[in-house]
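Topology and contacts: notes
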Amino acid sequence: MEIFGIYGASGFGREVMPIFKATNVPERSDRRYVFVDDDEELGDTVNRTTRISQREFLEFDAIEKTLAIAIGDVKIRKRIAQVFSKKQIKWGSIAAPSSTVLHDVSIGEGAILCSNTILTSNIKIGVHFHCNLGSYVAHDCVIGDFVTFAPNVMCNGNVIIGDNVYVGTGVIIKNGTRAKPLVIGDGAVIGMGAVVTRDVPTDTVVVGNPAKPLPRKTP
Ligand code: UDP
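Okay, so let's go over this structure. Just so it is clear, the structure is predicted and the values come from calculations on it, not from any experiment.

The next subject is the site of the ligand. Every one of the 13 residues lining the ligand counts as a neighbour, but Ser10, Phe12, Asp37, Asp38 and Gly72 are closest to it. Take Ser10: an N or O atom from its side chain is 2.7 Å from an oxygen atom of the ligand. One of the backbone N or O atoms of Asp38 is found 2.7 Å from an oxygen atom in the ligand. In the complex, 67% of the free accessible area of the ligand, which totals 550 Å², lies under the protein chains. Top element by residues in the shell around the ligand is helix H3 (residues 74–83). It accounts for three residues. When the residues that make up the shell around the ligand are grouped by side-chain class, the tally is five nonpolar, four polar and four charged.

This next bit is on the pattern of salt bridges. Summed over all chains, the structure comprises six salt bridges. One salt bridge in this structure joins Glu2 and Arg31, with 3.3 Å as the shortest N-O distance. One end of the pair, Glu2, is in strand E1 (residues 2–7); the other, Arg31, is in strand E2 (residues 31–36), and 29 residues separate them in sequence. Arg55 is paired through a salt bridge with Glu59; the nearest N and O atoms lie 3.3 Å apart. In this pair, Arg55 and Glu59 both sit in helix H2 (residues 54–59), four residues apart, roughly one turn of the helix. The pair formed by Arg55 and Glu59 is uniform in burial state, with each residue classed as exposed.

This part is about the sheet that holds strand E20 (residues 172–173). As summarised here, the arrangement of the six strands in space is E8-E11-E14-E17-E20-E23, forming an open sheet in which the pairing is parallel. Both edges of this open sheet fall to strand E8 (100–101) and strand E23 (195–196), since each of them pairs with a single strand only. Taken together, the two bridges between strand E14 (residues 136–137) and strand E17 (residues 154–155) define a ladder with parallel strand orientation. Among the inter-strand pairings, Tyr136 is bridged to a residue of E17, identified as Met154.

Further remarks concern the packing of aromatic side chains. The tally for this structure, following the rule as stated, stands at seven aromatic pairs. Between Tyr7 and Phe84 the ring centres are 6.1 Å apart and the planes differ by 80°, which places this aromatic pair in the edge-to-face class. Highlighted residues: Tyr7 in strand E1 and Phe84 in the loop between H3 and strand E6 (90–91), separated in sequence by 77 residues. Relative accessible area serves as the criterion here: at 2%, Tyr7 is assigned to the buried category. Among the aromatic residues, those joined into a ring-pair cluster are Tyr7, Phe57, Phe84 and Trp91. Over the face of the ring belonging to Phe57 we find Lys65, whose NZ or CZ atom lies 5.8 Å from the ring centre.

Our focus in this paragraph is H3. Three or more residues of H3 are buried, namely Val74, Arg77, Ile80 and Ala81. Projected onto a plane normal to the axis of H3, the buried residues spread over an arc of 135° and lie on a single side. Of the exposed residues in H3, the ones pointing more than 90 degrees away from its buried face are Lys75 and Arg79. The inward-facing, buried residues of H3 abut E1, strand E5 (64–69), E6, strand E13 (130–131), strand E16 (148–149) and strand E19 (166–167).

Procedures and definitions
- Residues numbered from 1 in each chain as written.
- Predicted model: local features only at pLDDT ≥ 70, side-chain atom pairs only at ≥ 80, totals over all residues.
- Heavy atoms only, no water.
- Near = heavy atom within 4 Å.
- Polar contact = N/O pair within 3.5 Å; in protein donor to acceptor, adjacent residues only side chain to side chain.
- Areas by Shrake-Rupley, 256 points an atom, 1.4 Å probe, with all protein chains shown as cover.
- Helix = DSSP H or I, 4+ residues; strand = E, 2+ residues; numbered from the N terminus.
- Nonpolar A, V, L, I, M, F, W, Y, C, P; charged D, E, K, R; others polar.
- Salt bridge = Lys/Arg side-chain N within 4 Å of Asp/Glu carboxyl O.
- Buried < 20%, exposed > 50% of the residue type's maximum accessible area, 1.4 Å probe, protein only.
- Pairing = 2+ DSSP bridges.
- Phe/Tyr/Trp six-rings, centres within 6.5 Å; stacked < 30°, edge-to-face > 60°.
- Lys NZ or Arg CZ within 6 Å of the ring centre and 35° of its normal.
- Arc of directions from axis to C-beta.
- Contact = heavy atoms within 4.5 Å.

In structure tokens:
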């Protein structure tokens, strides 16, 4: 038996499973596709695909297990990836037929490229990248591990993004230059619709146009 899992049977997972099935080997009696999700309330089947728990996936008797984590939240995705780090599984990468990858793009394992996404040229991306519907990454960008682009993110050229960064829907990131790339630090969160015109410090939430840090809440 071979098993192909999508971790997360919520919104994003249900969007990604049809792409996974359509772009991968066909299902047959000794090859199964499953959702891996720990929420019992979802039932045993989600969108006509069997749902099993993390434990059941780990214990499943299969010669090969392939898994992709379709959970947008950066911290949850990283935590789940760590659980599997020493297990005998292969990370699956998923690319919608309408996604485009041009020249000299290196991309780590576990990536999910949704429909109408574009990665142009001379780009380096870490592991478990999510590029949701219609987002693009332009030339000479470097993106770290566990980065999520929500739908319609426009990341222009010469931008450096650290690890564990969440970029919300419709964000525009201004281009940097070869001499001075625009840098978004590790753990930053870019709020929906923000226009990022300058560097974003590590672990900072920015919102608005031009994007500015959210004032910290006073206790
Ligand atoms: N989930 C899980 N185990 C965890 C954390 C999350 O099975 O340790 C599942 C959770 O039950 C939910 C999905 O992952 O079904 C995450 O869904 P959410 O709507 O938060 O994410 P999205 O689909 O929007 O990325």
